[in-house]
Amino acid sequence: VWMGGILGETLNRENLIPQIRNGGPLCRLAEFVQESVDDFKANNEDNDDLPSSAPQANLTCGARSMEARQNVTKFLDWVRKMRVPESSIFLPDDLLKLKGKMNVVNTLLAVARRAKDCGMSADIDAPPKIANAFKGLEEKFGKKFEHTATAFGGQKQALKETDMKLSSTSPWKIVQQKIDLILQLPGKPAYEIFRA
């Protein structure tokens, strides 16, 4: 919604990835954000490492063309200059080959937060369900979504811990005991069978 409002397009979860797949709209977004970055740099000190210009894009290229890859790469270079954490930045193939759509959304949300930090109005507040989804992803995949999860508020909740020991009445324990009995040769303990 935030990106569509800036670009003057209707973007939603069904059409977002197909609409931005050639990287052109991403570079157009960078142009709008760059205006706020320039104002921020003019009014604040120690911000010389922020980008000085937005990437130029080929807006008419195909989604799987070399120009699309160049557009996406230019956008990602600009995103890094915006000080977006590397863990929140998608890889070019996440968008171009549709390998990581969620990573693309994660990057766009991180850009929106940075734009908001630079004074751009960015309505990126989300319901708690999104925050919980990112917390779950963080627990499943590691630190990859940590920045996005914390941006949507809330504390990380520990996942339920399970005991990996089999009880004596567990069906798997019973099967394991029966296999041990089958493998045990007369007069030898089961562990000696596997000695060569």
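Scroll up a little and you will see the structure.
A brief report on the enclosed structure follows.

Counting secondary structure elements, the protein chain contains ten helices and zero strands. Listed N to C, the secondary structure of the protein chain is α-α-α-α-α-α-α-α-α-α in terms of helices and strands. The contacts in the protein chain between residues at least 6 apart in sequence include a share of 54% that link residues at least 24 apart. Total accessible area on the protein chain stands at roughly 12,500 Å², and carbon and sulfur atoms take up 54% of it.

Bringing the nonpolar core into the picture now. In this structure, W2, M3, I20, V33, F75 and L108 are the most contacted members of the largest nonpolar core, which totals 37 residues. Counting only elements with at least two residues in this core, the list comes to α1 (2-7), α2 (16-20), α3 (24-43), α4 (66-81), α5 (92-96) and α6 (101-117). In this structure M3 touches L11, L16, I20, P25, L26, L29 and L108, once residues within four positions along its chain are discounted.

The final tally for this structure, using the stated rule, is six salt bridges. A salt bridge links R80 to D77; its shortest N-O distance comes to 3.8 Å. With a gap of three residues between them, R80 and D77 both fall in helix α4, about one helical turn apart. A relative accessible area of 40% places D77 in the partly exposed class.

Bringing α3 into the picture now. Given a rise of 1.5 Å per residue, 20 residues ought to cover 28 Å, and the 29 Å separating the end C-alpha atoms of α3 matches this to within 8%. Of all bends in α3, the biggest is about 25 degrees, found at V33. When we look at burial in α3, the residues that qualify are G24, P25, L26, C27, L29, A30, V33, Q34, S36 and V37. The inward-facing, buried residues of α3 contact α1, α2, α4, α5 and α6.

This part covers the side chain of R21. Along the chain, R21 turns up in the loop between α2 and α3. Despite its burial, R21 pairs with no opposite charge; the closest candidate is D93, at 8.9 Å N-O. One polar contact links the side chain of R21 to the main-chain carbonyl oxygen of L96, over a distance of 2.7 Å. The contacts of R21, once residues within four sequence positions are left out, are A63, R64, V72, L95, L96, K97 and L98.

The rules behind these values
- Residues numbered from 1 in each chain as written.
- Predicted model: local features only at pLDDT ≥ 70, side-chain atom pairs only at ≥ 80, totals over all residues.
- Heavy atoms only, no water.
- Helix = DSSP H or I, 4+ residues; strand = E, 2+ residues; numbered from the N terminus.
- Contact = heavy atoms within 4.5 Å.
- Areas by Shrake-Rupley, 256 points an atom, 1.4 Å probe, with all protein chains shown as cover.
- Core = buried A, V, L, I, M, F, W, Y, C linked by side-chain atoms within 4.5 Å.
- Buried < 20%, exposed > 50% of the residue type's maximum accessible area, 1.4 Å probe, protein only.
- Salt bridge = Lys/Arg side-chain N within 4 Å of Asp/Glu carboxyl O.
- Expected span 1.5 Å × (residues − 1).
- Bend = angle between axes of the 7 residues up to and from the residue.
- Lys, Arg positive; Asp, Glu negative; His and termini not counted.
- Polar contact = N/O pair within 3.5 Å; in protein donor to acceptor, adjacent residues only side chain to side chain.

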